[in-house]
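# Coordinate analysis (summary)
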Amino acid sequence: MNSVLSLNCCNSLTFFLQGYDYTSGVWQFEGDGYVPNGASGVCIMQVFGATLSNTTMILTVYNGSLMYYTKQVLVQDIYDKWFHLNVIHDADAGKVKVFIDGALSLEVNDRGRASHYFKFGVYAQNSSSYYMESHWKGIKVYRM
């Protein structure tokens with residue numbers, strides 16, 4: 001699946017892959033992403049579903065940095081570059097791993113058992129820019 005997602009008006013344009021929701025097992029999202037300069041305060045990818053909140057994990061972009069929520073910078077200067085993203089969620093063990101360009105960038109506990117699925121696109125967060133855009137290609141979901 002290849003897509004270009006851009007907004008000038010609203011707070012969300014996201015895709016989720018219907019039929020790939022899960023409550024157990026090890027699942028992987030894979031794809032190539034691109035965020036142009038100027039898109040800030042946006043979620044570009046998430047593992048939806050959790051006990052303690054709506055999401056198990058989200059990746060955001062603020063001022064050119066790719067972040068885990070707003071807590072931890074994973075990549076600085078992400079604008080205008082393609083990056084390869086792998087997100088592995090072991091729902092049984094309650095763990096999420098994020099690989100960017102093949103390197104382990106994040107390993108965290110998930111936020112509880114729920115019905116989960118992967119979402120990607122643009123979704124406004126706090127202090128979002130008026131213009132939001134992300135590009136995606138080569139999207140794949142695996143049950144491992």
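As the structure is a computational prediction, the values presented were derived from the model and not from experiment. (Residues numbered from 1 in each chain as written. Predicted model: local features only at pLDDT ≥ 70, side-chain atom pairs only at ≥ 80, totals over all residues. Heavy atoms only, no water.)

### With respect to the confidence of the model for the protein
- On average, residues of the protein score 88 in pLDDT, and 87% of them are at 70 or above.
- pLDDT under 50 marks residues 1-12. Its contacts with residues more than four places away, or in other chains, come to 45 contacts. (pLDDT = per-residue confidence, 0-100. Contact = heavy atoms within 4.5 Å.)

### Observations regarding the pairing of strand β7 (residues 72-75)
- Judged from the 3 bridges that link them, strand β6 (residues 65-68) and β7 form a sheet pairing that is antiparallel. Bridging across to β7, Met67 finds its partner in Val73.
- Here β6 folds back onto β7, and the loop between the two strands holds 3 residues, one of which, Tyr69, carries a positive phi near 45°. (Pairing = 2+ DSSP bridges. Helix = DSSP H or I, 4+ residues; strand = E, 2+ residues; numbered from the N terminus.)

### A word on the side chain of Ser40
- Assignment of secondary structure puts Ser40 in the loop between β3 (26-34) and β4 (42-48).
- A relative accessible area of 10% means that Ser40 is categorised as buried.
- Looking at Ser40, its side chain comes within polar contact range of the main-chain nitrogen of Asn63, at 2.8 Å. (Buried < 20%, exposed > 50% of the residue type's maximum accessible area, 1.4 Å probe, protein only. Polar contact = N/O pair within 3.5 Å; in protein donor to acceptor, adjacent residues only side chain to side chain.)

### Describing the nonpolar core
- Formed by 37 residues in total, the largest nonpolar core has its most connected members in Phe29, Ile44, Met45, Leu85, Val87 and Val98.
- A per-element tally of this core places β4 first, with 5 residues.
- Setting aside residues up to four positions removed in sequence, Val98 forms contacts with Met57, Leu59, Leu74, Leu85, Asn86, Val87, Ala103, Leu104, Ser105 and Leu106. (Core = buried A, V, L, I, M, F, W, Y, C linked by side-chain atoms within 4.5 Å.)

### What about the packing of aromatic side chains?
- All chains considered together, the criterion is met by 10 aromatic pairs.
- On the basis of an interplanar angle of 45° and a centroid distance of 5.7 Å, the ring pair of Phe29 and Phe120 is categorised as tilted. Note that Phe29 is positioned in strand β3 and Phe120 in strand β11 (residues 117-124), a separation of 91 residues in sequence. This pair shows no difference in class: Phe29 is buried, exactly as Phe120 is.
- Within the aromatic cluster, the residues linked to one another by ring pairs are Tyr22, Trp27, Phe29, Phe83, Phe118, Phe120 and Trp136.
- Across from the ring centre of Tyr123, 5.7 Å away, lies the NZ or CZ of Lys119, which sits over that ring. (Phe/Tyr/Trp six-rings, centres within 6.5 Å; stacked < 30°, edge-to-face > 60°. Lys NZ or Arg CZ within 6 Å of the ring centre and 35° of its normal.)

### Description of the layout of surface pockets
- Within this model, the largest pocket holds a volume of roughly 160 Å³.
- Lining the largest pocket, in full, are Gln46, Phe48, Ser53, Asn54, Thr55, Ile58, Tyr69, Arg111, Lys119, Tyr123 and Gln125.
- Of all the secondary-structure elements, those providing two or more residues to the lining of the largest pocket are β4, β5 (55-62) and β11.
- Here the lining of the largest pocket is built from residues that sort into 4 nonpolar, 5 polar and 2 charged. (1 Å grid on protein atoms, 1.4 Å probe; cavity = no way out; pocket = protein on both sides within 12 Å on 5 of 7 lines; lining within 4 Å. Points joined across faces, edges and corners; volume = space filled by probe spheres on them. Nonpolar A, V, L, I, M, F, W, Y, C, P; charged D, E, K, R; others polar.)

### Some remarks on the pattern of salt bridges
- In total, this model carries 2 salt bridges according to the counting rule given.
- Across the pair Asp77 and Lys81 runs a salt bridge, and its minimum N-O distance is 3.0 Å.
- Exposure remark for Asp77: the relative accessible area of 46% places this residue in the partly exposed category.
- The exposure class of Lys81 is partly exposed, given its relative accessible area of 39%. (Salt bridge = Lys/Arg side-chain N within 4 Å of Asp/Glu carboxyl O.)

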